[in-house]
Amino acid sequence: MKKVIVIIGARPQFIKHFAFESEAKDKLNLLTIHTGQHYDENMSQVFFNELGMSKPSYLLQLGGGNHGNQTGKMMIEIEEIVLREVPDFVVVYGDTNSTLAGALVASKLHIPLVHIEAGLRSYNKEMPEEINRVLTDHISSYLFVPSHVSVDNLEKEGIIDNVYEVGDIMKDLVDKAVKLKWMHKPVFSGSYYYVTLHRPYNTDEKERLIYVLENLNSLDKKVIFSIHPRTRKAMKSYELAESAFDNIDFIDPQSYFNNLSYLYYADGLITDSGGMQKEAYWLSKKCVTIRKETEWIETVETGNNVLLFDDLSSINFVLKCDFISSKQALYGDGNTAEKIIEVLLK
């Protein structure tokens, strides 16, 4: 079997890798390098436990530090492993520092690089994720994209060879969860909005974070806020007590299925996460994205997702509007992992 090294390190990548790993069984010889970019128990190990994923072949524990420091340390460790294992392919997902580190190592060692979730663009180069995804795309050997918009994005940059429109690999797991009824109603029984926020432009300045929290606190329904370690750390450093926001229930980061369950039973989602914009679309939930732009532009074009940033006072109004219930099947048919592996086997 072909030997494939897969680089993972952050919460969304564990979800994507579960679908890939499950489909690759008995077809590819997979070795997994977990960089440790997300090292918090609730952001990492809980996913392996819940999804029943294989233990990583290599666990590097390189979380924390500034971008350059973190990416450099990852490259040093990944390079040693790749030189020792000599894989046929290196696979990376998405747009994290782990993605870029793995991509650069594979490129320098002339090993075919596979980028799953290629072609996304927010056109905001202040986002480190945008830099990571652009650079990774330009050195990839095989690019698996979620939609035709991504194909167009790559074509504009001169990337036309070995681009495969296969859908979004996260949809594989969402479809399976819905089909098998894996979502269980959360303990909270009333109506609520579900919130996840972690982007630096929403958390790393005190005035901005206060503005966001005050607007969430003023919503007409209870707010269940699954709080990212970055956001909780920011609140603590700014001396913002959770008890000061009486309409918000702050809960720890959730496991995959718990997170999906909170979204499934919510009256709407408020987020700055990329992945959850898609999950809200697939589960027919209203979504307000607290960003100026999104790489998942199709969810906005269909009317299921609204971007708000400078003026958050309209969140209540937007969530009460009748969203367009789009029947368009965005981002594939739920068989993305199978399609990717078919290409690699050929």
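In the block above lies the structure referred to throughout.
The structure presented is a predicted model; accordingly, all values stated were derived computationally and were not measured. (Residues numbered from 1 in each chain as written. Predicted model: local features only at pLDDT ≥ 70, side-chain atom pairs only at ≥ 80, totals over all residues. Heavy atoms only, no water.)

Asker: Can you tell me about the packing of aromatic side chains, naming the residues and giving the values?
Answerer: The final tally for this structure, using the stated rule, is 13 aromatic pairs. Measuring from centroid to centroid gives 5.1 Å for Trp182 and Phe257, while their planes differ by 75°, and the two rings are edge-to-face. Linking Trp182 in the loop between helix H7 (169–179) and strand E8 (192–196) with Phe257 in helix H11 (residues 256–264), this pair joins segments that are 75 residues apart in sequence. With a relative accessible area of 11%, Phe257 lands in the buried category. Put simply, the rings of Phe188, Tyr192, Tyr194 and Tyr262 touch in pairs and so form one group of aromatic residues. Above the plane of the ring of Phe309 lies Arg208, whose end atom (NZ or CZ) is 3.9 Å from the centre. (Phe/Tyr/Trp six-rings, centres within 6.5 Å; stacked < 30°, edge-to-face > 60°. Helix = DSSP H or I, 4+ residues; strand = E, 2+ residues; numbered from the N terminus. Buried < 20%, exposed > 50% of the residue type's maximum accessible area, 1.4 Å probe, protein only. Lys NZ or Arg CZ within 6 Å of the ring centre and 35° of its normal.)

Asker: Explain the environment of Phe47 residue by residue, including any values.
Answerer: Position of Phe47 among the secondary structure elements: in helix H2 (residues 45–51). Residues Phe47 and Ile111 lie 64 residues apart in sequence; the distance between their C-alpha atoms is 29 Å.

Asker: With reference to specific residues and values, describe the packing of helix H4 (residues 97–108) against helix H5 (residues 128–138).
Answerer: Here H4 crosses H5 at 25°, and the two axes come no closer than 9 Å. The angle between H4 and H5 falls in the class roughly parallel. The element H4 and its partner H5 pack so that their crossing is left-handed. Along its contact with H4, which presents Asn97, Thr99, Leu100 and Ala103, the element H5 presents Asn132, Leu135 and Thr136. In the contact of H4 with H5, the residues fall into 3 nonpolar, 4 polar and no charged. (Axes fitted to C-alpha atoms, helices over the stretch in contact; angles between N-to-C directions. Parallel < 35°, antiparallel > 145°, perpendicular 65-115°, else oblique. Left-handed = near helix turned anticlockwise from the far one by under 90°. Contact = heavy atoms within 4.5 Å. Nonpolar A, V, L, I, M, F, W, Y, C, P; charged D, E, K, R; others polar.)

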